[in-house]
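This is what each chain is made of:
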Amino acid sequence: MTGELSSARLRLVPVTVSDAGEMVHVLSGAALYAFTGGSPPGLDELRARYARQAGGRSPDGREEWRNWILRREPGGEAIGYVQATITSAGRRAEIAWVVGLDWQGRGFATEAARALVTWLDARGTTVVQAHIRTGHAASAAVARRAGLRPAGTFQAGEQLWVRHRPGGPRD
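Worth saying up front: this structure is predicted, and the values here are computed from it rather than measured. Per chain, the residues get numbers from 1 upward, laid out in the order the sequence is written. With the structure being a predicted model, the display of local features is reserved for residues of pLDDT at least 70 and the display and counting of side-chain atom pairs for 80 or more, all residues being used for whole-chain, interface and lining totals. Think of the side-chain values as coming from all heavy atoms in the structure, minus any hydrogens and water.

## Regarding the sheet that holds strand S5 (residues 92–99)
Part 1 of the reasoning: Strand order in this open sheet of eight strands is S1-S2-S3-S4-S5-S6-S8-S7, and the pairing throughout is mixed. Single-partner strands in this sheet number two, and they are strand S1 (5–6) and strand S7 (149–155).
Part 2 of the reasoning: Here, two residues are considered to be in contact whenever any of their heavy atoms come within 4.5 Å of each other. Interaxial angles span 0 to 180 degrees and are taken between N-to-C directions of axes, which are lines fitted to C-alpha atoms, for helices over the stretch in contact. Secondary structure elements are taken from DSSP: a helix is a run of H or I of four residues or more, a strand is a run of E of two residues or more, and numbering for both begins at the N terminus. Running over the sheet, helix H3 (residues 108–122) touches S1, strand S2 (10–14), strand S3 (64–72), strand S4 (77–87), S5, strand S6 (127–133) and strand S8 (158–164) and is turned about 35° from S4. One bridge is not enough; two strands pair if DSSP finds at least two bridges between them.

## Description of the pattern of salt bridges
Part 1 of the reasoning: Criterion for a salt bridge: a side-chain nitrogen of Lys or Arg within 4 Å of a carboxyl oxygen of Asp or Glu. Taken as a whole and judged by the stated rule, the model has 12 salt bridges.
Part 2 of the reasoning: Between Glu111 and Arg9 there is a salt bridge; the shortest N-O distance is 2.7 Å. With a gap of 102 residues between them, Glu111 in helix H3 and Arg9 in the loop between S1 and S2 connect regions that are remote in the sequence.
Part 3 of the reasoning: Linking Glu22 and Arg71 is a salt bridge whose minimum nitrogen-to-oxygen distance equals 2.9 Å. Of the two residues, Glu22 is situated in helix H1 (residues 20–26) and Arg71 in strand S3; the sequence distance between them amounts to 49 residues.
Part 4 of the reasoning: Only protein chains enter the area calculation, which uses a 1.4 Å probe; residues under 20% of their type maximum are buried, those over 50% are exposed, and those in between are partly exposed. The class of Arg71 is buried, set by a relative accessible area of 11%.
Part 5 of the reasoning: Shared partners join several salt bridges into a network, and the residues in it are Glu4, Arg11 and Glu73.

## Description of the pairing of S6
Part 1 of the reasoning: Burial of S6 is extensive: five of the seven residues sit out of reach of the surface.
Part 2 of the reasoning: Inspection of the sheet shows S5 paired to S6 by three bridges, in the parallel sense. Residue pairing across strands places Arg92 opposite Val127, the latter belonging to S6.
Part 3 of the reasoning: In terms of handedness, the path from S5 via H3 over to S6 forms a crossover that is right-handed.
Part 4 of the reasoning: Pairing analysis gives seven bridges linking S6 to S8, with the strands arranged antiparallel. Convention used here: a crossover is right-handed provided that the path from the first strand, over the helix, to the second strand proceeds clockwise when the strands point away from the viewer.

If you want it as structure tokens, here you go:
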């Protein structure tokens, strides 16, 4: 099981099913889905999702799933989440982040993404990537601040952003 991570203003706490009640509010803003599509999840949907994610692996065992709730310090209020899907024997990770509308524009997504990239570096992950919807300037800024760069690859309206660990092999 992955433990907590921390940054200057956040504790990143491994997701549990019991987080669903609080996260329904955090993820309730329809504008959060403007770039990704979909709609805010209901409580039952979120409980089922967190139950799967908390298991730490895809059903076929080929992917390692790491998911954290972002908790603001002091106080522990949930404000969003970060996640990493780890493949290739731990060498590659796809990351994502979401911060609720009430907490956007304060640098929390950047802070959380940097903490996640630092954790991935420490465990030996050589390639960190994210797919960002074309035109989503806020997510592109988070990716850039976390050390990722556009790879020039586009697929289904998303651009691939990549970071190769300094000194690590290019995968």
